[in-house]
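Listed below, chain by chain, are the residues.
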Amino acid sequence: MAELFPVSSKLFARAQKVIPGGVNSPVRAFRNVGMEPFYTQSADGCRLRTPDGNEFIDYVLTWGPAIFGHNDAEIRAAVHAAVDRGLGFGTNAPDEVRMAELLASVVPAVEKVRMTNSGTEATMSALRLARGFTRRDKIVKFAGGYHGHVDALLVKAGSGAMTFGRPDSLGVTAGTAADTFVLPYNDVGAAEALFAARGNEIAAVIVEPFLGNIGFIMPVPGFLEKLRELTKNAGALLIFDEVMTGFRVSLQGTMGVHGVRPDLVCLGKIIGGGLPVGAFGGRADIMDSVAPLGGVYQAGTFCGHPVALAAGIAAVEKLLREKDVYARLSAFGEALAGELERAARERGVALQVPRCGGMFSLFFSEKPVRDLEDATRSDPEKAKKLFRFALENGVFLPPSPYESCFISTAHDEAALEKTARVLCDGIRAL
């Protein structure tokens, strides 16, 4: 594989001398697939190009934001126009109002919204707001759910459904982790038991409504509805982390699929049009607890940055204009999944391809994957072999067995045909 990336290999050697691990985000290290990473020189549509001269059909898409593909002309034009007006002001700017109005008009849970610089900042701020609003300390999350590198959420599951979490990263104190309960995703009984025992201590439940960071996993019928019922009855808040799924599985995120409305929702990725951005919003009475109106502090020099918001507004407005986006993404995913499942059956390989809208995942497992435990029982070696085979043949999948794949409107028939051929050949070679 190294012979494919001679320039990238030299860049990585230089990077390791001055950047921890040679990367600025761990998954980019490619350690989960047993190889050195490549570098991207440029990207257009559904394709990446490396300084080594390689071109790949891309299913990472900057981990979700590029719903129209890379370097979309309309988004790029909006960024250029914003840059011509200035790189930042330190004052309020008109696009902050426009973005807030857009989100409030499209996302069912949002009455008021505050911008941040990243999805991590959005979830961190939403948790602080939930604690400040309820005057409670405990948070509930689900095993396998990733909400950014927030101390209180970097925890593992304990030995039972109602144990406190243990730190999942050095530098996270036991005291911080002790305020976080970790439950199995899709386990209604565990959630009911926890709320029966400790419900009056819980400030909020935070959940990726559709898990996306251990592969793509949908909720079982009634799971999200039960979380809504439990939190409401206990006086706790329900927070949906839709940083990944917002505007990707439908125009309303997962709320457009299941109809459950949380108290707060966290957004990012697509609403930045490819630039760094995040947001948290929800019920007006809760959001009015944020400074300067209330006592919950949240701030940031670059929150609502005019260039990032120009890109995000262009992306959201394009989604509003192009009514067939999600039908196109779903059709591509269904067609590709059908080909892969057929190849797997012919080869006698156990394969699950859960999908919705512009997301899908590959689990080499006998049974449908419902939670973290199921995901870790899938065969990572087959996933690694398929990744490497695909890369050698011009298709870039996420460099981990436990990540979601993304589709853009730039993935055309030619991309579908080549991807299906390459991945089916890879499955037959397992």
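Scroll up for the structure.
Residues numbered from 1 in each chain as written. Predicted model: local features only at pLDDT ≥ 70, side-chain atom pairs only at ≥ 80, totals over all residues. Heavy atoms only, no water.

A. Quick peek at the packing of aromatic side chains. Following the criterion strictly, the structure yields 14 aromatic pairs and no others. Ring geometry for Phe5 versus Phe38: centroids 5.4 Å apart, planes at 20 degrees, classification stacked. Taken together, the residues Phe5 in the segment before helix H1 (6-18) and Phe38 in the loop between H1 and strand E1 (42-44) connect sequence positions 33 residues apart. With relative accessibility at 4%, the residue Phe5 sits in the buried group. Ring centres of Phe5 and Phe56 lie 6.1 Å apart, and the angle between their planes is 40 degrees; on these two criteria the pair is classed as tilted. Taken together, the positions of Phe5 in the segment before H1 and Phe56 in strand E3 (residues 55-58) put the pair 51 residues apart, joining distant regions of the chain. Residue Phe56 is classed as buried on the basis of its relative accessible area, which comes to 3%. Counting every residue linked through ring pairs, the aromatic cluster contains Phe5, Phe30, Phe38, Phe56, Phe387 and Phe396. (Phe/Tyr/Trp six-rings, centres within 6.5 Å; stacked < 30°, edge-to-face > 60°. Helix = DSSP H or I, 4+ residues; strand = E, 2+ residues; numbered from the N terminus. Buried < 20%, exposed > 50% of the residue type's maximum accessible area, 1.4 Å probe, protein only.)

B. Looking closely at the pattern of salt bridges. On inspection of all chains with the given rule, the structure shows 26 salt bridges. Asp44 serves as the salt-bridge partner of Arg49, at 3.4 Å between the closest nitrogen and oxygen. Asp44 gets classed as partly exposed once you look at its relative accessible area, which sits at 34%. Overlapping salt bridges, with partners in common, bring together Asp44, Arg47, Arg49 and Glu55 in one network. (Salt bridge = Lys/Arg side-chain N within 4 Å of Asp/Glu carboxyl O.)

C. The sheet that holds strand E8 (residues 180-183), seen in detail. On the basis of which strands lie adjacent, the open sheet formed by seven strands has the order E4-E12-E11-E10-E9-E5-E8 and mixed pairing. Each end of this open sheet is capped by a strand with a single partner; those strands are strand E4 (112-116) and E8. Shown here is a sheet whose adjacent strand axes are inclined to one another by a mean of 20 degrees, direction ignored. The pairing of strand E9 (residues 202-207) with strand E10 (residues 237-241) spans four bridges and is parallel. Bridge pairing in E10 places Ile206 opposite Ile239. Helix H6 (residues 188-198) contacts strand E5 (138-142), E8 and E9 of the sheet and is inclined by roughly 150 degrees relative to E8. (Pairing = 2+ DSSP bridges. Axes fitted to C-alpha atoms, helices over the stretch in contact; angles between N-to-C directions. Contact = heavy atoms within 4.5 Å.)

D. Focus on the pairing of E10. Of all five residues in E10, five are buried, a share of seventy percent or more. Of the two faces of E10, the one holding Leu237, Ile239 and Asp241 and the one holding Leu238 and Phe240 are both buried throughout. Crossover E9 to E10 through helix H7 (residues 223-234) is right-handed. As defined by bridge partners, E10 adjoins strand E11 (residues 264-268) across three bridges and the pair is classed as parallel. Across the sheet, residue Asp241 finds its bridge partner in E11, namely Cys266. (Right-handed = clockwise from strand over helix to strand, strands pointing away.)

E. Seen up close, the packing of H6 against H7. Axis separation between H6 and H7 bottoms out at 10 Å; the angle between their running directions is 5 degrees. Taken together, the axes of H6 and H7 are roughly parallel relative to one another. Here H6 contributes Val188, Ala191, Glu192 and Phe195 to the contact with H7, which in turn contributes Phe223, Lys226, Leu227, Leu230, Thr231 and Ala234. Of the residues contributing to the contact of H6 with H7, the split by class is seven nonpolar, one polar and two charged. (Parallel < 35°, antiparallel > 145°, perpendicular 65-115°, else oblique. Nonpolar A, V, L, I, M, F, W, Y, C, P; charged D, E, K, R; others polar.)

F. Spatial organisation of the nonpolar core. Counting residues in hydrophobic clusters, the biggest one holds 109 residues, and the most contacted among them are Phe247, Ile271 and Leu397. In contact with Phe247, other than residues within four places in its own chain, are Ile67, Leu103, Val106, Val107, Gly253, Ile270, Ile271, Val316, Leu319 and Tyr326. Formed by 21 residues, the second largest nonpolar core is a distinct cluster that contains Ala203, Ile286, Met287 and Val296. (Core = buried A, V, L, I, M, F, W, Y, C linked by side-chain atoms within 4.5 Å.)

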